[in-house]
Amino acid sequence: QFPFGRRLPCDIYWHGVSFHDNNIFSGQVNKFPGMMETVRKITLSRAMRTMQDLFPLEYNFYPRSWILPEELPLFVAEVRVMKDSDPSWKPTFIVKPDGGCQGDGIYLIKDPSDIRLTGSIQSRPAVVQEYICKPLLVDKLKFDIRLYVLLKSLEPLEIYIAKDGLSRFCTEPYQEPTLKNLHQVFMHLTNYSLNIHSENFVHSDSVNTGSKRTFSSILCRLSSRGADVKKLWSDIISLVIKTIIALTPELKVYYQSDIPAGKPGPTCFQILGFDILLMKNLKPMLLEVNANPSMRIEHEQELSPGVFENVPSPVDEEVKVAVIRDTLRLGDPQKKKRRDTQDSSLRAVGASCISWGMKDKQHKHHSPKLSLKLKFYLKPGSCPSLEQVPGSSEALLDAEPEAAGLPSLCLKQVFPKYAKQFNYLRLVERVAALFIRFLGVKGTTKLGPTGFRTFIRNCKLSNSSFSMAAVDILYIDITRRWNSVGIDHRESGMCLQAFVEAFFCLAQRKYKSVPLHKQVLSLLELCECHLAALDEKRLLWGCG
């Protein structure tokens with residue numbers, strides 16, 4: 001661990017909280033720039049809403065959401081309309097503070113008038129969502145699933161999902177929300193950090209019982225009841241891929257800002273925690289995405305009043321050790337070197353000491369959640385340092401890892417493996433590529449008025465009915481509105497979300513009477529065609 005930074009280069013840098021070092025020029029970093037900002041509840045809700053506008057059926061796994069305080073009037077109006085159209089509709093809503101974690105500040109309401117405006121909602125914005133009233137129950141208890149997802153690369157996009165996860169249970173039998181039980185957090189909220197304080201919380205040495213279990217134990221139970229577990233896994237994989245596709249545009253803007261193309265810099269990867277709720281019909285619903293999922297494999301146990309000790313948690317150890325171990329195996333910096341030599345060999349990573357740059361300069365109150373005793377299941381007698389094992393590294397790693405003393409990978413690649421099924425959804429990513437192209441200044445995340453005008457001009461989008469003066473008005477109106485609700489005022493200009501809104505407006509203006517995703521696709525193809533022709537001309541001029 002290097003709490004004050006490290007000067008010597010490392011193969012892998014493992015940050016405690018976020019990507020926050022501008023002095024890394026090589027190796028790999030376990031965080032993406034901007035990931036914490038991108039998965040915040042408000043930013044995630046906006047990204048999912050954009051995708052729901054384009055592909056409503058494909059993104060129906062995310063609850064209907066409103067952003068407070070800016071959309072409070074809209075929330076009130078839409079709920080009133082829905083109640084008028086269906087008097088039998090008795091909704092429940094859940095309010096989640098934007099920057100909250102571990103269940104902090106979450107509460108349930110039955111009516112928009114119940115929102116707690118007396119608090120500092122202006123200074124602490126929130127998301128309000130439709131509460132899922134009919135979850136799948138096990139032992140009469142509500143539970144959610146924490147799945148670990150490895151985003152190994154943005155370009156090209158590469159996603160892995162752990163084959164097992166955690167099921168975290170409430171500690172009071174579930175009842176549908178009523179005015180009498182709305183406040184019962186141990187019944188409605190699945191957060192481990194809340195339920196651990198319940199007198200009904202059960203720590204278990206078995207992965208099949210207790211208040212925290214493996215997801216695989218739940219799947220076995222469902223399978224024994226005749227549930228289609230394969231379809232459930234397929235739906236979860238689809239949910240994960242679609243969510244990453246929704247987050248990728250924003251991440252790419254942050255990435256080019258912190259690690260500009262053409263300059264030396266590290267590559268990034270990150271383990272994300274996906275919190276998923278299963279409905280009674282086994283439809284998975286996304287609750288949120290955690291940029292810094294806990295990797296603790298122990299819990300505190302009170303021996304006597306005020307005296308605690310750390311006790312191993314077999315359930316956490318079974319799932320989390322495998323995720324960390326295989327993330328390091330997939331990111332093995334020696335793998336490429338071995339692939340490039342005929343006498344390739346496999347690194348066996350030691351059980352007791354792995355050396356990487358551990359940095360946590362900021363956020364001292366967030367200790368790096370790596371209390372893992374990494375178990376790499378080496379053969380008896382093997383040294384805890386780097387050991388050379390003869391044989392093909394790729395074959396050993398991917399096909400016969402047991403031959404190297406390691407279990408098979410717990411991380412399953414889902415993208416680009418299933419890219420053909422999902423590439424049509426990546427429209428906003430292509431819009432973000434246009435945005436990045438016209439940013440002009442490296443290291444910025446906002447588009448100035450000159451850059452926007454250049455985009456319009458190069459893509460030949462202005463004409464007699466849409467003058468450059470109208471272009472300027474569009475830029476000013478949309479930018480001003482987004483800047484009024486944004487939290488980052490360090491830069492002036494048009495953010496990516498504002499550019500996406502402007503692009504959608506242009507697409508709807510130019511292509512009428514077709515669905516929005518077809519309008520956006522048509523405008524994208526037009527812009528990309530004009531820019532490709534322009535690049536070709538510039539290349540010819542350069543050669544000439």
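Nothing here was measured: the structure is a model prediction, and the numbers come from that model. (Residues numbered from 1 in each chain as written. Predicted model: local features only at pLDDT ≥ 70, side-chain atom pairs only at ≥ 80, totals over all residues. Heavy atoms only, no water.)

**Considering the pattern of salt bridges**
Note on pairing: side chains with opposite charge can pair once their charged atoms come close.
Then, number 1: Applying the stated criterion to the full structure yields 25 salt bridges.
Then, number 2: Here E70 and R46 are joined by a salt bridge, their closest N and O atoms 2.7 Å apart. Placement of E70 in the loop between β3 (65-68) and α3 (72-85) and of R46 in helix α2 (residues 41-54) is noted, with a sequence separation of 24 residues between them.
Then, number 3: The partly exposed category is assigned to E70, whose relative accessible area is 36%.
Then, number 4: Of the charged contacts, one joins E176 and K134 as a salt bridge, the two residues approaching to 2.7 Å between their closest N and O atoms. Remark: K134 occurs in the loop between β6 (126-130) and β7 (137-138) and E176 occurs in the loop between β10 (166-169) and α4 (185-188); sequence separation between them is 42 residues.
Then, number 5: With relative accessibility at 40%, the residue E176 sits in the partly exposed group.
Then, number 6: Connected through shared salt-bridge partners, D144, R146, R168 and D275 make up one network. (Salt bridge = Lys/Arg side-chain N within 4 Å of Asp/Glu carboxyl O. Helix = DSSP H or I, 4+ residues; strand = E, 2+ residues; numbered from the N terminus. Buried < 20%, exposed > 50% of the residue type's maximum accessible area, 1.4 Å probe, protein only.)

**Structural notes on the sheet that holds strand β4 (residues 93-97)**
In any sheet, the strands associate via hydrogen bonds between backbone groups, in a parallel or an antiparallel arrangement.
Then, number 1: Here we have four strands laid out as an open sheet, ordered β3-β6-β4-β5, and antiparallel in their pairing. Of all strands in the sheet, those bounded by a partner on one side alone are β3 and β5 (107-109). The sheet shows a mean angle of 25 degrees between the axes of neighbouring strands, taken without regard to direction.
Then, number 2: Alignment of β4 against β6, held across five bridges, turns out to be antiparallel. Note that in β6 the partner of V95 across the bridge is V128.
Then, number 3: Sheet strands in contact with α2 are β3, β4 and β6, and its direction is about 135 degrees off that of β3. (Pairing = 2+ DSSP bridges. Axes fitted to C-alpha atoms, helices over the stretch in contact; angles between N-to-C directions. Contact = heavy atoms within 4.5 Å.)

**A few points about unusual backbone geometry**
Excluding glycine, a negative phi dihedral is what most residues carry, and trans is how most peptide bonds are arranged.
Then, number 1: Here the bond from L68 into P69 is cis, since omega is 5 degrees, no more than 30 degrees from zero.
Then, number 2: Tracing the chain through its elements places P69 in the loop between β3 and α3.
Then, number 3: For the bond from F415 to P416, the omega torsion is 15 degrees, close enough to zero to count as cis.
Then, number 4: Tracing the backbone through its elements, the reader meets P416 in the loop between β20 (411-415) and α11 (419-422).
Then, number 5: Phi angles above zero are rare outside glycine, and K140 is one such case at about 70 degrees.

**Concerning the nonpolar core**
Then, number 1: F274, F452, F455, F499, F503 and V520 are the most contacted members of the largest nonpolar core, which totals 101 residues.
Then, number 2: Counting residues per element, this core draws most heavily on helix α7 (residues 229-258), at 14 residues.
Then, number 3: Beyond its immediate stretch of four places on either side in the chain, F452 contacts L447, V471, L474, Y475, M494, F499 and A502.
Then, number 4: Of all hydrophobic cores here, the second largest spans 21 residues; its members include I12, Y148, M295 and C410. (Core = buried A, V, L, I, M, F, W, Y, C linked by side-chain atoms within 4.5 Å.)

Keep in mind these numbers describe shape, not what the thing actually does.
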